[in-house]
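The primary structure of each chain is shown beneath.
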Amino acid sequence: MQSMQNSLRVDLLVVGFGKGGKAVAGAMARLGKQVVVVEQSDQMYGGTCPNVGCVPTKALVHEAGNRRTSDVPQEWYERAVGEVHQITSLFRQGNFDGMNSLETATVLTGHAEFTDERTVRVDTLDGPVTVTAENILINTGSTPVIPDIPGLRDSKYLVTSTELIHRTELPKRLAIVGGGYLGVEFAAIYRRFGSEVTLFESGSAIFDREDDDIAVVAEKILVDEGIEIVTGANVTEVRDGDTGVTITYTNDGREQVLSADVVLAAAGRRPATEGLGLAAAGVRTTSGGAVEVDEYLRTSCPHIFALGDVNGGPQFTYISLDDSRIVLDQLIGDGKRATTDRVAVPRTLFMTPPLANVGLNETEARAAGYRIKVASQPVAEIISMPRAYVVHETRGVMKFVIDLATDEILGATLLSVDAQELINLVALAMRSGVKASELRDAVYTHPSSSEAFNDVIGAVVRSDDF
Ligand SMILES: Cc1cc2nc3c(=O)[nH]c(=O)nc-3n(C[C@H](O)[C@H](O)[C@H](O)COP(=O)(O)OP(=O)(O)OC[C@H]3O[C@@H](n4cnc5c(N)ncnc54)[C@H](O)[C@@H]3O)c2cc1C
Ligand SMILES: NC(=O)c1ccc[n+]([C@@H]2O[C@H](COP(=O)([O-])OP(=O)(O)OC[C@H]3O[C@@H](n4cnc5c(N)ncnc54)[C@H](O)[C@@H]3O)[C@@H](O)[C@H]2O)c1
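Residues numbered from 1 in each chain as written. Chains lettered and ligands numbered in written order. Predicted model: local features only at pLDDT ≥ 70, side-chain atom pairs only at ≥ 80, totals over all residues.

Enquirer: I'd like a rundown of the overall build of the chain, residues and numbers included.
Expert: The helix and strand tally for the chain stands at 14 helices and 23 strands. The C-alpha radius of gyration computed for the chain amounts to 24 Å, which stays within 12% of the reference 23 Å derived for 466 residues, consistent with globular compactness. In terms of its C-alpha atoms, the chain occupies a principal-axis envelope of roughly 70 × 60 × 40 Å. In the chain, which comprises 466 residues, the proportion classed as buried is 46%. (Helix = DSSP H or I, 4+ residues; strand = E, 2+ residues; numbered from the N terminus. Rg over C-alpha atoms; globule rule 2.2 N^0.38 Å. Buried ≥ 20, exposed ≤ 12 C-beta atoms within 10 Å, placed from the backbone.)

As structure tokens, then:
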């Protein structure tokens, strides 16, 4: 690394310590390249996922699920938050040390802003540092959208997911605006900790990406847990009082008012490009505010790449990680790997039990013109899967969509215990061309969750043949 006072010249500069950027940075540093990673917050080494995203929220799912009705909600919650923060601190330190201890890598802490297409100014606590680099990766993630609802933005009771998981006081009444991934996961977590939870979704349904038969079962699980769900909700005003907030909304043409102690904004996350100085670098953005990239993740400046949430792709940690493989292939490989290569990418919404999908659902398969058969069973009726009874989690349903002509698995939806693991097996089968009947007739350990496939895939409930 060439270093003059407050200025560095390196091979690779990574702006934002997210999943994809750190993977590329680590690989390049291990090859002896001079690398700088810039992170604006000393509470965010490793990015969103280990600090304020996947890891703490899934740890809270676990902690909330272990609460017995006899456990005092506030005490249980405060202890759980403390334990979760111990995990995130450990991961944060591990991320910092793992990177900074590499001989040719340096972590700079401070906000980064482009000054031209090769140079970034970093405002560290010790003053500005200028970094010039051969290649630059933008990996700044995303930030929560606060819906434009009168009174919401300025409400002292408004929290983002990050603020909520740092509170040690359990909200007695939690209102959540937005019924997507974040809204549903937080509703499930906080209800299990003992909060009264109301979920407002402006769309006509939560789980609107699911087939109706799945959506009904998933929604019933949440309602049975005691979560109030208001769909088609138009939240028109948020008004602060001395001890709480009132939320006015219309639903089915009727105006109603709800009182809450805390309002969580869970209405999506937008790419974090503000204050990055992209114009100074000549890096173009899309109309949605994401950094514009091609299928190799190159921006409008070919030596600058964008990875993870900031490039407008699906907002998942494993997509950011896969972005790193594409960028590494550009930097040191044969440059062929592209975002268009991705097939059968699974996803999981971590309610209890988890809801996981891969490929096409029934509605999508029919819309795409496939002749299909649908195999489906409620978890409680899958005789080959005693594990659901062993762990006392028999709620949910498993469903496969199969090409009638070829026996190809077109997609699966698993709302079941261990679905976050099972879906990876189905995705691998789909990518590898394993047929539905082969997955059905495979040998699985016992008692496991995967052996459910022995039954479910044979349980055809609809077929375009009939
Ligand atoms: C509550 C929550 C739960 C989630 N759960 C899951 C889950 O279970 N599974 C899953 O796959 N995904 C989950 N996600 C999504 C996942 O966390 C993100 O998709 C992923 O972390 C994005 O990673 P990234 O590489 O884009 O960047 P990030 O990990 O977001 O990192 C970007 C970093 O850049 C820094 N930064 C931003 N601007 C600057 C700047 N100008 N200068 C310096 N540094 C800057 C930020 O501080 C941040 O640390 C969750 C998200 C949230 C919010
Ligand atoms: N398990 C996981 O993998 C996981 C968990 C949490 C978050 N994430 C990622 O984080 C991203 C952000 O999550 P999210 O849930 O905030 O976004 P989202 O896009 O999944 O859902 C936002 C929801 O808010 C609703 N909404 C928007 N404005 C509203 C309003 N004014 N009133 C009521 N409802 C409104 C939308 O209709 C939508 O259903 C997700 O896209 C996801 O990729 C992933």
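Enquirer: With reference to specific residues and values, describe the packing of helix α1 (residues 19–30) against helix α9 (residues 317–332).
Expert: Two elements in contact, α1 and α9, have axes whose closest approach is 7 Å; the angle formed by their N-to-C orientations is 35 degrees. Remark: the crossing between α1 and α9 carries right-handed chirality. Where α1 approaches α9, its residues Lys19, Gly20, Ala23, Val24, Ala27 and Met28 are matched on the opposing element by Thr317, Ser320, Leu321, Asp323, Ser324, Val327, Leu328 and Leu331. (Axes fitted to C-alpha atoms, helices over the stretch in contact; angles between N-to-C directions. Left-handed = near helix turned anticlockwise from the far one by under 90°. Contact = placed C-beta atoms within 7 Å.)

Enquirer: Describe the site of ligand 2, naming the residues involved and giving the relevant values.
Expert: Near ligand 2 you find 26 residues, and of these Pro147, Gly178, Gly180, Leu182 and Gln315 are the closest. Only α6 (181–193), β10 (196–201) and β18 (347–349) provide two or more residues apiece to the shell around ligand 2. Per-element tally for the shell around ligand 2: the top contributor is α6, with four residues. A breakdown of the residues in the shell around ligand 2 according to their chemical character gives 13 nonpolar, nine polar and four charged. In this structure, the shell around ligand 2 is formed jointly by two domains, domain 2 (158–267) and domain 3 (347–463), each of which donates at least three residues. (Near = placed C-beta within 6 Å. Nonpolar A, V, L, I, M, F, W, Y, C, P; charged D, E, K, R; others polar. Domains from an automatic or database assignment.)

Enquirer: Lay out the UniProt feature "domain: FAD/NAD(P)-binding" (unreviewed entry) in the chain with the relevant residues and their values.
Expert: Annotation from UniProt places "domain: FAD/NAD(P)-binding" (unreviewed entry) at residues 11–319. Strand forms 29% of residues 11–319 and helix 31%; the C-alpha atoms that close the span are 24 Å apart. (UniProt positions renumbered as here; feature names shortened; annotations may be inferred.)

Enquirer: Any chance you could break down the sheet that holds strand β8 (residues 158–159) for me, citing the residues and the numbers?
Expert: Pairing between the strands of a sheet is mediated by backbone hydrogen bonds and can be parallel or antiparallel. Taken in spatial order, the five strands of this open sheet run β8-β15-β9-β10-β11, and their pairing is parallel. The sheet terminates laterally at β8 and β11 (228–231), the two strands that pair on one side only. With four bridges connecting them, strand β9 (residues 173–177) and strand β15 (residues 262–265) associate as parallel partners. Within β15, the position partnered with Ala175 by the bridge is Val263. Its contacts with the sheet place α6 against β9, β10 and β15, and it is angled at close to 170 degrees to β10. (Pairing = 2+ DSSP bridges.)

Enquirer: Requested: an account of helix α7 (residues 212–224), with residues and values cited.
Expert: Taking 1.5 Å per residue as the helical rise, α7 with its 13 residues ought to reach 18 Å, and the 18 Å between its terminal C-alpha atoms agrees with that figure. On its buried side, α7 packs onto α6, β11, β19 (355–359), β21 (397–403) and β22 (409–415). Gly226 occupies a position one or two residues after α7 and carries a positive phi of about 105 degrees. (Expected span 1.5 Å × (residues − 1).)

Enquirer: Break down helix α12 (residues 419–431) for me, with residues and values.
Expert: Between the first and last C-alpha of α12 there are 18 Å, a value that for 13 residues agrees with the 18 Å anticipated at 1.5 Å per step. Within the span of α12, buried status applies to Ala419, Leu422, Ile423, Leu425, Val426, Ala427, Ala429 and Met430. Of the surrounding secondary structure, the elements contacted by the buried residues of α12 are β18, β19, β22 and α13 (436–440). Gly433 sits one or two positions beyond α12 and adopts a positive phi of about 75 degrees.

Enquirer: Describe the nonpolar core, and please don't skip the residues or the numbers.
Expert: Within the largest apolar cluster, 93 residues are counted, with the highest numbers of intra-cluster contacts made by Ile176, Val177, Ala187, Val263, Leu264, Ile409 and Val426. The greatest single-element share of this core, amounting to nine residues, is contributed by α6. Sequence-distant contacts of Leu264, defined by excluding residues within four places in its chain, comprise Val159, Ser161, Leu164, Leu174, Ile176, Val177 and Phe186. Listed in part, the 47 residues of the second largest apolar core include Val107, Ala133, Leu276 and Ile304. (Core = buried A, V, L, I, M, F, W, Y, C linked by C-beta atoms within 7 Å.)

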